[in-house]
Amino acid sequence: MMLFVVSAATMRRYASKTSGWRLGLKKLNFFSVNCESESYFCQGSGNCQGLTSSFIDGTMSQAYATSCERLSKSLIKDNPTSDKLSYATSCAQLSEAPARDNPVSDMLVDSFGRRHTYLRISLTERCNLRCMYCMPAEGVELTPNPQLLSQNEIVRLANLFVSSGVDKIRLTGGEPTIRKDIEEICSQLSSLKGLKTLAITTNGITLARKLPKLKECGLSSVNISLDTLVPAKFEFMTRRKGHERVMESIHTAIDLGYNPVKVNCVVMRGFNDDEICDFVEMTRDKPINIRFIEFMPFDGNVWNVKKLVPYAEMLDRVVKQFTSLKRLQDHPTETAKNFTIDGHCGTVSFITSMTKNFCAGCNRLRLLADGNFKVCLFGPSEVSLRDPLRSGVDDHELGEIIGAAVKRKKASHAGMFDIAKTANRPMIHIGG
């Protein structure tokens, strides 16, 4: 692989010759993405001049170009121990992204130029499990049903987001499959013009019998949570029985043609970290994507850094047993670091929210079951969309509320130790 290092000044001179661009009153200064050396790194066989032209040509590129340096510097300031080049690379990749078929409105673009095309909708706060990392041992006070979004309200808000540029929706909970009208919701959401992916994150307890119908209703992607392959551990972890049902749901999803079937595993030291390679073995003969998730702090889940198994440690364990592990080229908005193993049908991923955040490429927003809107999983700020919706505001006014919240989104989350000290709702309220 060839490595070209081109100074920011050179790239700016080229840009000034090919375009008289200005945005506001400032000249574009979008190639200084490496904040230490003010260089732009081009990896691959293409030339940097062609890359510059591709930046200049695209509508999407313009938005990211103006914010790239500012986002990288802000991220590095907030995360001094993080990988600086990774921020620069994410920003550059985002700038290179091609124009979309359904343009993203300004409502979904934050002050750093990030375009939010992925909406997670929590359908309910209720769940049929009591997982330790999700729900406090004493339980949580659930929002009364009249205060939760109705089916029509969910569809109306989803339509507003999709018509503004969202092309992926994920249904979460609580446990989304226990909502009685989930099939109707899926059917209506999947028919929204511009939506490309309708996904679900579920604990799998009731999924096996509901999945055939959900697929008919347009459900296109499935994530199933499973933190242990040992039934006794499962019962301890979830405070309920059901390990066999979850395994049945995984196999049902495979039989129905979902590829890959994503299996989410929250790794905790002293509990299931000894099963990491056993989970990887599941990918040998089946189209399963095992997704190892770093343990994250939420209210009531008794988070402790000693329970956290860092990505680097998990990766080291996997590499020692599966020596042909190879990194895939991830999309710049991808939350996971993805890998393949020679001879394996499935793949392995790591979601590194705590030790290597992916804030630079974040394109996700959250609509909670009670109608609150959240722009960052770890940020305590929320704004109600239910209340203005029920007061009779039109879509334009709702869009202004959403846009203002998106514009307030920070460059990155506060870091794992500050997150642990920040008041936030339990995960079951926020949505998985």
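These figures come from a predicted structure and were not determined experimentally. (Residues numbered from 1 in each chain as written. Predicted model: local features only at pLDDT ≥ 70, side-chain atom pairs only at ≥ 80, totals over all residues. Heavy atoms only, no water.)

Moving on to the overall build of the protein chain. Secondary structure assignment for the protein chain yields 15 helices and 14 strands. In the protein chain, the proportion of contacts linking residues at least 24 apart, taken out of those at least 6 apart, comes to 74%. Carbon and sulfur atoms provide 52% of the accessible area of the protein chain, an area that totals close to 19,100 Å². (Helix = DSSP H or I, 4+ residues; strand = E, 2+ residues; numbered from the N terminus. Contact = heavy atoms within 4.5 Å. Areas by Shrake-Rupley, 256 points an atom, 1.4 Å probe, with all protein chains shown as cover.)

Now for unusual backbone geometry. The phi torsion of most residues other than glycine is negative, and most of the peptide bonds are trans. Cis geometry marks the peptide bond from Gly173 to Gly174; its omega dihedral reads 20°. Note that Gly174 resides in the loop between β4 (168-172) and α6 (182-190). We note that Arg239 has phi near 60°; this positive angle belongs to a residue other than glycine. Assessed through its relative accessible area of 31%, Arg239 is described here as partly exposed. (Buried < 20%, exposed > 50% of the residue type's maximum accessible area, 1.4 Å probe, protein only.)

On to the environment of Ser105, then. Tracing the sequence through the fold places Ser105 in the loop between α4 (84-96) and β3 (118-122). The class of Ser105 is partly exposed, set by a relative accessible area of 26%.

Applying the stated criterion across every chain, the model contains zero disulfides. Not part of a disulfide, Cys359 finds its nearest cysteine sulfur in Cys376, a span of 6.4 Å. (Disulfide = S-S within 2.5 Å.)

All right, on to the pattern of salt bridges then. On inspection of all chains with the given rule, the structure shows 18 salt bridges. As a salt-bridge pair, Lys374 and Glu382 come within 3.7 Å of each other at their nearest N and O atoms. With a relative accessible area of 0%, Lys374 lands in the buried category. A residue is classified by how much of its surface remains accessible, and Glu382, at 27% relative accessible area, is partly exposed. A cluster of three or more residues bridged by salt bridges with shared partners is formed by Arg269, Asp273, Glu313 and Arg317. (Salt bridge = Lys/Arg side-chain N within 4 Å of Asp/Glu carboxyl O.)

The subject of this paragraph is helix α7 (residues 207-216). Every buried residue of α7 is accounted for by Leu207, Ala208, Lys210, Leu211 and Leu214. For α7, the arc enclosing every buried residue in end-on projection is 150°, short of the 170-degree limit, so these residues lie on one face. Pointing more than 90 degrees away from the buried face of α7 are the exposed residues Arg209 and Glu216. Tucked into the core, α7 has its buried residues touching α6, β5 (197-202), β6 (221-225) and α9 (243-255). Remark: Gly218 follows α7 within two positions and exhibits a positive phi of approximately 105°. (Arc of directions from axis to C-beta.)

Judged by pairing direction, the sheet is mixed, and its 12 strands sit side by side in the order β9-β10-β11-β8-β7-β6-β5-β4-β3-β12-β13-β14 without closing on themselves. Strands with a single pairing partner mark the edges of an open sheet, and in this sheet they are β9 (326-327) and β14 (383-384). Relative to strand β8 (residues 288-294), strand β7 (residues 261-267) runs parallel, the two sharing seven bridges. Bridge assignment links Val261 to a residue of β8, and that residue is Ile288. Relative to the sheet, helix α11 (residues 311-321) contacts β7, β8, β9, β10 (336-340) and β11 (347-351), its axis offset from that of β11 by approximately 160°. (Pairing = 2+ DSSP bridges. Axes fitted to C-alpha atoms, helices over the stretch in contact; angles between N-to-C directions.)

The subject of this paragraph is the confidence of the model for the protein chain. For the protein chain, per-residue confidence averages 78 on the pLDDT scale, and residues scoring 70 or more make up 68% of the total. Across residues 72-92, where pLDDT falls below 50, the model places 37 contacts with residues more than four positions away in sequence or in other chains. Contacts for the low-pLDDT stretch residues 298-303, under 50 throughout, to residues beyond four places or in other chains number 26 contacts. (pLDDT = per-residue confidence, 0-100.)

Our next topic: empty space enclosed by the protein. Tallied over the full model, the rule gives one cavity of 30 Å³ or more. Considering only enclosed or pocket space, the largest cavity measures out at about 60 Å³ in volume. In the lining of the largest cavity, the residues fall into six nonpolar, three polar and one charged. (1 Å grid on protein atoms, 1.4 Å probe; cavity = no way out; pocket = protein on both sides within 12 Å on 5 of 7 lines; lining within 4 Å. Points joined across faces, edges and corners; volume = space filled by probe spheres on them. Nonpolar A, V, L, I, M, F, W, Y, C, P; charged D, E, K, R; others polar.)

A few words on the packing of aromatic side chains. Under the criterion given, the structure shown has six aromatic pairs. Three or more aromatic residues link up through ring pairs in this structure, and these residues are Phe279, Phe292, Tyr311, Phe339 and Phe350. When the ring centre of Tyr258 is taken as origin, the NZ or CZ atom of Lys215, which lies over that ring, is 5.3 Å away. Between the NZ or CZ atom of Lys233 and the centre of the ring of Phe271, over which it lies, the distance is 5.8 Å. (Phe/Tyr/Trp six-rings, centres within 6.5 Å; stacked < 30°, edge-to-face > 60°. Lys NZ or Arg CZ within 6 Å of the ring centre and 35° of its normal.)

Most of β6 sits out of view: four of its five residues are buried. Pairing of β5 with β6 involves four bridges; the strand directions are parallel. Note that in β6 the partner of Ile200 across the bridge is Val222. Handedness of the crossover is the feature at issue here: the chain leaves β5, passes through α7, returns alongside β6, and the resulting connection is right-handed. The pairing of β6 with β7 spans three bridges and is parallel. By the bridge assignment, Ser225 is partnered in β7 with Asn264. (Right-handed = clockwise from strand over helix to strand, strands pointing away.)

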